[in-house]
Amino acid sequence: MKNIYILIAAMLFVSCDLIIVKKEEKDVLRESIINDKIEASLLSKATQKNLNIIELCNQVEDTNLNSEIITVAKKIKKEQLEILENLQNIAKENMILVANSTKIKPLKNDLSREENVRKILIHQIKENLDIQKEVLDSLLEKSDNKDITLVAEESIQKLKGNIDTTFNTLKLLK
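What comes next concerns the included structure. Along each chain, the written sequence defines residue order, and numbers are assigned to residues from 1. The predicted origin of the model limits local features to residues at a pLDDT of at least 70 and limits the giving and counting of side-chain atom pairs to 80 or more, whereas totals for whole chains, interfaces and linings rest on all residues. Water and hydrogen atoms were dropped before computing side-chain values, which therefore reflect all heavy atoms in the structure.

Observations concerning the nonpolar core
Short version of the rule: Among the buried residues, those of types Ala, Val, Leu, Ile, Met, Phe, Trp, Tyr and Cys that are joined through side-chain atoms within 4.5 Å form a nonpolar core. Buried, partly exposed and exposed residues are distinguished by accessible area as a fraction of the type maximum, computed with a 1.4 Å probe on protein chains only: under 20%, between the cut-offs, and over 50%, respectively. For helices the rule is a DSSP run of H or I covering at least 4 residues; for strands it is a run of E covering at least 2, with both sets numbered from the N terminus onward. We call two residues in contact whenever any of their non-hydrogen atoms come within 4.5 Å of each other.
By size, the foremost hydrophobic cluster in this structure holds 34 residues, and its most contacted members are Leu-43, Val-60, Leu-87, Ile-125, Leu-136 and Leu-139. Contributions of two or more residues to this core are made by α1 (2-61), α2 (67-93), α3 (114-142) and α4 (146-173). Residue contributions to this core peak at nine residues, all from α2. Contact partners of Leu-43, with chain neighbours within four places excluded, come to Leu-87, Ile-90, Ala-91, Ile-96, Val-98, Leu-139 and Ile-148.

Focus: the environment of Lys-103
Turning to its location among the elements, Lys-103 is positioned in the loop between α2 and α3. What makes Lys-103 exposed here is its relative accessible area of 65%. For the pair Lys-103 and Gln-48, spaced 55 residues apart in sequence, the C-alpha to C-alpha distance is 7.8 Å.

Some points on unusual backbone geometry
For Met-95, which is not glycine, the phi dihedral falls at a positive 55 degrees. Considering the arrangement of structural elements, one finds Met-95 in the loop between α2 and α3. For Met-95, a relative accessible area of 79% puts it in the exposed group.

A look at the environment of Thr-149
As for its placement among the helices and strands, Thr-149 is situated in helix α4. Among the residues examined, Thr-149 registers a relative accessible area of 15% and is labelled buried. For the pair Thr-149 and Leu-139, spaced 10 residues apart in the sequence, the C-alpha separation amounts to 7.2 Å. When residues no more than four places from it in sequence are discounted, the contact partners of Thr-149 are Leu-140 and Ser-143.

If you want it as structure tokens, here you go:
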């Protein structure tokens, strides 16, 4: 009879241990799902800002502005296209849907005037660059996926240069 009690106690101990392990597994799975959702959201936001910047650069290129401003827009656009490709590739590898169209509407103002470009387009490009950098900084901080953090780091370096370029352009246009 004593052996039966020992056997029952051992079974209860193993059963409790399995319950604890299963709860820990559920907690890890729940945390992984939350992290995946955060990564997906941040990648989507970064891609949306990226597409917005590309569209704003297209609008600058379509103006009759001096060639220096158009050159700045083309440089930023080129780097944003590289960032977009990297973001889309990493999203695809991680089965994450990201933005694929811009939310920027064409400006109806007279874009041939440099004043409008300074106040509207270049300023909007800088704002979108700042937000995109903040989003990628958050992604870098929250992601535990090495590939995603590598893309975020590379993108942030390019964005820093673009932010400086737009800041300096705005200073020159004042």
